Amino acid sequence: MIVRELSALIGGARDVRADTFHSRRLLLAEDGLGFSLHDTVLHAGSETLIWYRHHLEAVYCIEGHGELELLDEGRTITIQPGTMYALDGQERHLLRAIDDLRCVCVFTPPLRGDEVHDEDGVYAPPASTTD
Ligand code: 9YT
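Residues numbered from 1 in each chain as written. Predicted model: local features only at pLDDT ≥ 70, side-chain atom pairs only at ≥ 80, totals over all residues. Heavy atoms only, no water.

1. Topic: the sheet that holds strand β6 (residues 66-70)
If you trace the 4 strands from one edge of the open sheet to the other, you get β4-β9-β6-β7, paired in antiparallel fashion. Looking along the sheet, the strands with just one partner apiece sit at the ends: β4 (47-50) and β7 (75-79). Taking each pair of neighbouring strands and ignoring which way they run, the sheet shows an average axis angle of 20 degrees. Direction of pairing for β4 relative to strand β9 (residues 93-97): antiparallel, over a ladder of 4 bridges. Counted as the bridge partner of Thr-48 is Leu-95 from β9. (Pairing = 2+ DSSP bridges. Helix = DSSP H or I, 4+ residues; strand = E, 2+ residues; numbered from the N terminus. Axes fitted to C-alpha atoms, helices over the stretch in contact; angles between N-to-C directions.)

2. Some details on the site of the ligand
The ligand sits among 14 residues. The nearest are Ser-23, Arg-25, His-38, Thr-40 and Tyr-123. A distance of 2.5 Å separates an oxygen atom of the ligand from a polar side-chain atom of Tyr-123. Against a free-state accessible area of 310 Å², the protein chains account for coverage of 100% of the ligand. Residue composition of the shell around the ligand, by class: 9 nonpolar, 3 polar and 2 charged. (Near = heavy atom within 4 Å. Polar contact = N/O pair within 3.5 Å; in protein donor to acceptor, adjacent residues only side chain to side chain. Areas by Shrake-Rupley, 256 points an atom, 1.4 Å probe, with all protein chains shown as cover. Nonpolar A, V, L, I, M, F, W, Y, C, P; charged D, E, K, R; others polar.)

3. Looking at a nonpolar patch on the surface
On the surface, a nonpolar cluster with roughly 270 Å² of combined accessible area is contributed by Tyr-60, Ile-62 and Met-84. Of note, Tyr-60 is situated in strand β5 (residues 56-63). Among the residues examined, Tyr-60 registers a relative accessible area of 39% and is labelled partly exposed. (Patch = residues over 30% accessible without salt bridge, like charges linked within 9 Å, V, L, I, M, F, W, Y side chains within 5 Å. Salt bridge = Lys/Arg side-chain N within 4 Å of Asp/Glu carboxyl O. Buried < 20%, exposed > 50% of the residue type's maximum accessible area, 1.4 Å probe, protein only.)

4. Some words on the packing of aromatic side chains
Under the definition given, this model contains 3 aromatic pairs. Between Phe-107 and Tyr-123, the aromatic rings sit 6.0 Å apart at their centres with planes inclined by 45 degrees, giving tilted as the arrangement. Of this pair, Phe-107 sits in strand β10 (residues 101-108) while Tyr-123 sits in the segment after β10, and the two are 16 residues apart along the sequence. Accessibility assignment for this pair places Phe-107 and Tyr-123 in one class, buried. Three or more aromatic residues link up through ring pairs in this structure, and these residues are Tyr-52, Phe-107 and Tyr-123. The ring of Trp-51 carries Arg-53 above its face, with NZ or CZ at 5.3 Å from the centroid. (Phe/Tyr/Trp six-rings, centres within 6.5 Å; stacked < 30°, edge-to-face > 60°. Lys NZ or Arg CZ within 6 Å of the ring centre and 35° of its normal.)

5. Section: the sheet that holds β10
Strand order in the open sheet formed by 6 strands is β1-β2-β3-β10-β5-β8, with antiparallel pairing between adjacent strands. Strand pairing shows two members of the sheet lacking a second neighbour, β1 (15-17) and β8 (84-87), which therefore form its edges. Adjacent strand axes in the sheet meet at a mean angle of 20 degrees when their direction is disregarded. Summarising the sheet, β5 and β8 pair through 4 bridges and their orientation is antiparallel. Opposite Tyr-60, over in β8, you have Met-84 as the bridge partner.

In structure tokens:
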């Protein structure tokens, strides 16, 4: 069994800082569960372009407010505490945080932990994937 406290991750290798968010990686690929689990805070006023071509992600908002614009559909979804969205179709989207937007995120396949969004908002595939 694995037990971790968020407070123990802060400032360490699993506390990943990007331009528009910071993400605390509670579970990663190396933990061997087949998914990763993140506590992510998107910074107030930020906009992040995201396109997970190699991953599925479920996102559950627990604090803050924001909106998600689905770029290919032209649809915008309001995000507030209690909103869950699951990216099951490689949807390209813009995620805007109105105030600090805190979300619990699950990825499959799991992130290794060193991925960064490229200019299209894509995280690189896991090593075993050829696409
Ligand atoms: C929904 C969201 O926060 N996406 C961006 C970051 C991602 N959660 C991550 O890398 O932890």
